[in-house]
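Spelled out, the chains give:
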Amino acid sequence: MKELFCKSIIIIIVILFITISNGSGIKESSASSHIQTSTSTSTTTTSTSIIKEMNEKQKLYSPREIHLALTNNDDEMVVTWITKGRINQPIVYVFKGDCSAVTSNSNINNNNNNNNNNEHNSFNISIGKSIVYNGLEGYVHSVTLSNLEFGKTYCYSVGSGNIYRSDIKGLVDQQQQQQKKKENKNQEEKEEEDDDDNNNNDLLRWSKWISFKTKSNEIDHVTFGAFADSGTWGDVHEVVASMSRDESLTLAIHGGDLSYGLKEEVWDTFGDIIQPLASRVPFMVIPGNWDVKEGALQPFVNRYPMPLVYKQPTIEQKRISPSSASTTMTTLQTNPNLYYSFRYTHVYFIMLSSYDPYSIGSQQYKWLVNELKLANSMRQQYPWLIVIAHSPMYSSSTGHGGSDTTVRTQLEWLYDVFNVNIVFSGHDHGYERTHPVLAEKVLKKNHNSQYKSKDGTIHILGGTGGATADPWFEEQPNWSAIRESTSGYTKFIAHKQTLQVTYLRMNGTLGDHFQITNEFPNLDSIKTSVHNNNNNNNNINSNPSEHTGVFLLFFALIVFVFPICAYYKLPHLIFSTLIPKPMISNKSMV
C-alpha cells in the first residue's frame, strides 16, 4: 500500500513537472513572437519615416512655377522655374514631337530607330544657370532651348540631379542598372524595392512632360491671348483655366499687375496658378503699377526674364521744381527700363513700360520712335503693329479716374503717324473697346465691327485677368464702342490680310468681336504718310534744347550780322560784283 502511494506521488510530481515545463515554453514562445512582431513593426515604421523624410527632402528640389518666354532669336525659348532647395545645375530634356510618347509610368528609348509620328530621334539636353535675389528663399533657374524649328511641337521636362534620368532607357549607364547576384529570392525582392524607392526619389527632382509649339512661319496665321490685372484671388483661376483649355493659343501676353504681391509667398502662389498656361505657351509680360512697388520689382524682374532693351537699370538726374520754392532741385532717379519688342508671325509687338520715363526726349521715347520706324519698314512681313502698355489712354472706368491723359498727350500722335493698329492696356478692371479714335475724336464708327487698317488706332482695355471689377462712369463716352464688367481674355487671330479680335468671357461666351482688314499691300503709302507727317511735325526726335539753339542763331543773325553788313554796304557790293553793269553803245548816245 505504501509502495503504491509512493508511486502515485512520483507520477503526480512528474506530470506536474511536465506541465510546468510546457507552460514555461509556451510563455517563452509567446514572448519571442511578441518581440519579433514589435521589432518588425518598429522596422516598418522606421523605414516609412525614412522614406517620408527623403521624399520631403526631395520636394525641396521639385520644380514649380514653370513658364516659357521668347528671346531676341527666333529659334530660341527660355524655360524658367523655381526650387526651394539649391541644385547642382538646372537641366531641360527636350525632343521634337508631342508628349504622347512619354508618361510618368512608361520608359522611352533614346535611339534613332523610332517609327512613330513624334519625329524625335534623340533627346536634347540643355543646361542653364541659377540666380538668387534678396528676399527669395529659393532659387530661380533658367535654361535656353536653341535650334528650334518653326511651327513644330516640342516636349520637355525640367529638373536637376543626375544628367541621365532613371526613367529613360538608353540614357542611363547600363552598368549602374546591373545588380549583384542575389543569395536568395527574398534578398532580390528587397533590393528591387530599394531601387524603386531611389528611382522615385530621383524623379521628384523632375517635372512632368510638357509640350509647347513654336511660332508659325510667315505663310500661316498665329493665335494669341492677352489679359491684365490678375492677382491670386477672384476669377484668376477660371481665366487661366479658360486660356489653358484653348489649344489654339501659341502665345500669352500679360499687360501688367501680375500678382499684386509685395511678398515672395504671393508671387509663389501666382506662379503656381499661371503654370498650366505659361508652361505651355510663351508668357510675355510688362510691368503694372503694382509690379514696380518695393517688394514686387525684384520678383517681377527675376522670375519673369524678358528680352529687355537694357539689361540693367539706369540712373539719371531728375529736376524737381517744388511749388513752395523758386529754385529748381536735382535728384537721382533709377529707371528699371522694363520695355522691349518682339516679332511673332505677322505681328510686331512693342511692349512699353508705363513706369519708365516716356516723355519727349526720354530714353524710352527715343527707342519707341526708332521701333515704330523699324516696324513700318517691315510692314510687308509684319502687317500688324500692336502696342502693349499698362496705363490706358482711353478708359471710362472710375478705377483710376478714367483715361491717362498724360500718356495720351505724349504718345497718341505717334501712334497715328505710324499707323498703330491696336493699343492694349490694363490698370482698370474691366473690358472696354474704342472705335478708331484720335484726341477723343471718333475717326470711324462701324456697327458691323468691320474696320480697315487706315481707319485709325483702336484701344482695348483688357484688365480682365481676375481682379475685382471696377465701376464705370455713368455716361459712356462717344469714343467707347463697348464696355462690360466681366473676367476673361482677348483673343487675336492674325492672318496676313486680316486681324480678328474677340473678347471671350471666362465661361466661354462671346463678349466682343471685330475685324481689321489690311490696306497696306506695299510700303509706298506708309512711307509717304510717315514722310509727310515728319515734315509737318518738324523732327519727331527733336529736343526742346535743339529748337532753342536754332532760335538763338536766328536772333544773332538779326541783331549783329545783318546790321554790320548793312553798315558796310556789303549787300550792295556783293550785288554789284555778281551783276555787271550794262554796256551802252555810242549810237544810243547820239
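Below, the structure is looked at part by part. (Residues numbered from 1 in each chain as written. Predicted model: local features only at pLDDT ≥ 70, side-chain atom pairs only at ≥ 80, totals over all residues. Heavy atoms only, no water.)

Focus: the pairing of strand S28 (residues 510-517)
Moving on, step 1. Examined bridge by bridge, strand S23 (residues 450-452) and S28 share three bridges and lie parallel to one another. Each residue of the ladder has a partner; that of lysine 452, found in S28, is threonine 517.
Moving on, step 2. One ladder, built from seven bridges, connects strand S27 (residues 498-505) with S28; its direction is antiparallel. Each bridged residue has a counterpart across the sheet, and for leucine 504 the counterpart in S28 is leucine 510. (Pairing = 2+ DSSP bridges. Helix = DSSP H or I, 4+ residues; strand = E, 2+ residues; numbered from the N terminus.)

Side note on the packing of aromatic side chains
Moving on, step 1. Tallying each qualifying case throughout the model produces 22 aromatic pairs.
Moving on, step 2. Arranged with centres 6.4 Å apart and planes meeting at 65 degrees, the rings of phenylalanine 270 and tyrosine 304 form a pair that is edge-to-face. Of this pair, phenylalanine 270 sits in helix H5 (residues 264-278) while tyrosine 304 sits in the loop between helix H6 (297-303) and strand S14 (314-320), placing them 34 residues apart in sequence.
Moving on, step 3. Relative accessible area serves as the criterion here: at 0%, phenylalanine 270 is assigned to the buried category.
Moving on, step 4. Taken together, Tyr93, Phe95, Phe123, Trp206 and Trp209 form an aromatic cluster joined through their ring pairs.
Moving on, step 5. Lying over the aromatic face of tyrosine 61, arginine 205 brings its terminal NZ or CZ to 4.3 Å of the ring centre.
Moving on, step 6. Here arginine 408 stacks its cationic end above the ring of tyrosine 394, 4.2 Å away from the centre of that ring. (Phe/Tyr/Trp six-rings, centres within 6.5 Å; stacked < 30°, edge-to-face > 60°. Buried < 20%, exposed > 50% of the residue type's maximum accessible area, 1.4 Å probe, protein only. Lys NZ or Arg CZ within 6 Å of the ring centre and 35° of its normal.)

What to know about the side chain of serine 126
Moving on, step 1. Mapped onto the elements, serine 126 comes out in strand S5 (residues 124-127).
Moving on, step 2. Overall, the relative accessible area of 15% leaves serine 126 in the buried class.
Moving on, step 3. Apart from the residues within four sequence positions on either side, serine 126 is in contact with Pro90, Ile91, Val92, Val143, Thr144 and Leu145. (Contact = heavy atoms within 4.5 Å.)

A word on the pattern of salt bridges
Moving on, step 1. This structure, assessed with the given rule, holds 14 salt bridges.
Moving on, step 2. Among the salt bridges present, the one from arginine 64 reaches aspartate 272, with a minimum N-O distance of 2.5 Å. Taken together, the residues arginine 64 in strand S1 (residues 64-69) and aspartate 272 in helix H5 connect sequence positions 208 residues apart.
Moving on, step 3. Taking relative accessible area as the criterion, arginine 64 reaches 25% and is therefore assigned partly exposed.
Moving on, step 4. Judged by relative accessible area, which is 34%, aspartate 272 ranks as partly exposed.
Moving on, step 5. One connected set of salt bridges, linked through shared partners, spans Arg64, Glu65, Lys84, Glu264, Asp268, Asp272 and Arg303. (Salt bridge = Lys/Arg side-chain N within 4 Å of Asp/Glu carboxyl O.)

Regarding the sheet that holds strand S8 (residues 153-159)
What holds strands together in a sheet is hydrogen bonding between their backbones, with the strands either parallel or antiparallel.
Moving on, step 1. The four strands are arranged S5-S3-S8-S10 in an open sheet whose pairing can be described as antiparallel. Of all strands in the sheet, those with a lone pairing partner are S5 and strand S10 (210-213), marking the two edges. Adjacent strand axes in the sheet meet at a mean angle of 30 degrees when their direction is disregarded.
Moving on, step 2. Relative to S10, S8 runs antiparallel, the two sharing four bridges. (Axes fitted to C-alpha atoms, helices over the stretch in contact; angles between N-to-C directions.)

A word on the side chain of serine 242
Moving on, step 1. Topologically, serine 242 is positioned in helix H4 (residues 236-245).
Moving on, step 2. For serine 242, a relative accessible area of 9% corresponds to the buried category.
Moving on, step 3. Beyond its immediate stretch of four places on either side in the chain, serine 242 contacts Tyr489, Arg505 and Met506.

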